Amino acid sequence: MYISASRAADGARPRSRLSWAVPGNVLALGAVSLVTDISSEMVTAVLPLYLTLSLGLNLLQFGLLDGLSFGVTALVRLAGGNLADRWQRRKLVAGIGYGLSALCKPALLAAGGSVAALGAVIAVDRTGKGLRTAPRDALISLSVPPDGLGQAFGVHRAMDTFGALLGPLVAFAVLMGTGGAYDAVFVVSFCVAVLGVLLMVMYVRDQRMPLPGPRSATSPRAAFGLLREAAFRRVCVVAAALGLVTLSDAFVYLLLQKRGGFGAEYFPLLPIGTAAVYLLLAVPVGRLADRVGRIPVFLAGHVALVAAYLVLIGPGWLVAVLALQGVFYAATDGVLMAVAGPMLPAHLRTSGLALLQTGQATARLFSSVLFGAVWTVWGSTPGLAAMAAGLAVCVLGAWSVVRRHA
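Presented here is an overview of the structure given in this document. Please read these numbers as outputs of a predicted model, since none were measured by experiment. (Residues numbered from 1 in each chain as written. Predicted model: local features only at pLDDT ≥ 70, side-chain atom pairs only at ≥ 80, totals over all residues. Heavy atoms only, no water.)

## Structural notes on unusual backbone geometry
Glycine aside, residues mostly have negative phi, and peptide bonds are mostly found in the trans state.
Part 1 of the reasoning: The phi torsion at Gln88 lies on the positive side, around 55°, for a residue other than glycine.
Part 2 of the reasoning: Mapping Gln88 onto the fold places it in the loop between helix H2 (59-87) and helix H3 (90-111). (Helix = DSSP H or I, 4+ residues; strand = E, 2+ residues; numbered from the N terminus.)

## So, the packing of helix H1 (residues 24-54) against helix H5 (residues 149-178)
Part 1 of the reasoning: The interhelical angle for the contact between H1 and H5, taken along N-to-C directions, is 35°, at an axis separation of 6 Å. The chirality of how H1 crosses H5 is right-handed.
Part 2 of the reasoning: Residues belonging to the contact of H1 with H5 are distributed by class as follows: 20 nonpolar, five polar and three charged. (Axes fitted to C-alpha atoms, helices over the stretch in contact; angles between N-to-C directions. Left-handed = near helix turned anticlockwise from the far one by under 90°. Nonpolar A, V, L, I, M, F, W, Y, C, P; charged D, E, K, R; others polar.)

## Looking at the pattern of salt bridges
Part 1 of the reasoning: Scanning all chains against the criterion turns up seven salt bridges.
Part 2 of the reasoning: Note that Asp125 and Lys105 form a salt bridge whose closest N and O atoms lie 3.6 Å from each other. Of this pair, Asp125 sits in helix H4 (residues 115-142) while Lys105 sits in helix H3; the two residues are 20 residues apart in sequence, bridging distant segments of the chain. Each member of the pair, Asp125 as well as Lys105, carries the same accessibility label: buried.
Part 3 of the reasoning: Asp333 serves as the salt-bridge partner of Arg157, at 3.2 Å between the closest nitrogen and oxygen. With Arg157 in helix H5 and Asp333 in helix H12 (residues 318-340), this residue pair connects regions lying 176 residues apart in the sequence.
Part 4 of the reasoning: By relative accessible area, which is 3% here, Arg157 ends up buried.
Part 5 of the reasoning: Of the residues examined, Asp333 reaches a relative accessible area of 31% and is grouped as partly exposed.
Part 6 of the reasoning: Overlapping salt bridges bring together Arg136, Asp137, Arg157 and Asp333 as one network. (Salt bridge = Lys/Arg side-chain N within 4 Å of Asp/Glu carboxyl O. Buried < 20%, exposed > 50% of the residue type's maximum accessible area, 1.4 Å probe, protein only.)

## Considering the nonpolar core
Part 1 of the reasoning: By size, the foremost hydrophobic cluster in this structure holds 104 residues, and its most contacted members are Leu51, Phe232, Leu247, Leu256, Tyr309, Leu356 and Phe371.
Part 2 of the reasoning: In terms of residue count, H1 provides more of this core than any other element does, 14 residues in total.
Part 3 of the reasoning: Once residues lying within four places of it in the same chain are set aside, the contact partners of Leu356 are Phe232, Val235, Cys236, Ala239, Leu336, Met337 and Ala340. (Core = buried A, V, L, I, M, F, W, Y, C linked by side-chain atoms within 4.5 Å. Contact = heavy atoms within 4.5 Å.)

## Description of the packing of H5 against helix H6 (residues 182-203)
A pair of packed helices can be characterised by two numbers: the angle between their axes and the separation between those axes.
Part 1 of the reasoning: Following both chains from N to C, one finds H5 and H6 inclined at 135°, their axes separated by 9 Å at the closest point. In terms of their interaxial angle, H5 and H6 are classed as oblique. H6 is crossed by H5, and the crossing has right-handed handedness. Between H5, through Val170, Ala171, Val174, Leu175 and Thr178, and H6, the contact on the second element is made entirely by Tyr182, Ala184, Val185 and Val188.
Part 2 of the reasoning: Per-class residue counts for the contact of H5 with H6 are eight nonpolar, one polar and no charged. (Parallel < 35°, antiparallel > 145°, perpendicular 65-115°, else oblique.)

Given below as structure tokens:
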């Protein structure tokens, strides 16, 4: 692991002149994520309306399925992270995750209108995401010196987001070309996902680190032992608390469609606005985080999300909400991994990141289920107001907890 006493606790090195160079392994992982996100965002862009309009699920059922997608990743991330560290086969575990998610695309057709079957397919798809995310991020963090992590994650997330931008466009084109055939979207998505798996196999290099002792050094007990480190424990608590008051994108887009009253065929285009802003800002915000500190940038991203909720409650300006969502992701997604990476030993890097992501995913599970229930019983506006207030309070609390490491 790269360590320097002159760097801030979160790995930033504010006064240094950072290089634009990005390792080839990061670019290869970015290419895999780009292609995979085209596939996954094709489905994500149409799934809310497919479930609520085409299949007739109510908002509470949708909230349960949406929450399930976070809950399953929470269950498997720790296991996947531990296996990747224990075997020192991060590429293999990530590749299995990509493969599982690819197989789930045609399975959505086989599930039909059964909520139980849909839940099972979504669970397997999220299992794939849970398996791949921490090993992938660990591969990035082990391929780059700590003072360039913000930029490296920014480049990766920019490539990932370019795929997220293209995915809804492809879904929209398929729907328009087939007269609204959701099954065609799922089939095309599967073909694209297979390409992502092939890129992973052919171009990504594994990063194996010598274990400092016996296999027990990478046991689940050792992974949970990372929480004894105060700085890492604070980051995990803050990430989970903020996740508990963060709406999933699916709910934000449903609210925009409901308030805007535009046709269902245009719904897949909503994520493009968020993805475009994220794409533009991911690299410069990552470099900014390396210079001025990653924690302040991370919390500033959540302030942008509070503003998005307030706009959605008030005038509901579509462009403003999507832009603020993009700012949020640019300032938080890769930046959080860059904060945590230097805090973790190399042989437990995947397990530590999985632990952090598990806390977030578990919190997002409760957030989706709770908001779905509130929307069903009292309406969307009270739920949005509660989320905005809760997020603002959590940001202030988070700053008081972690500001010594900013």
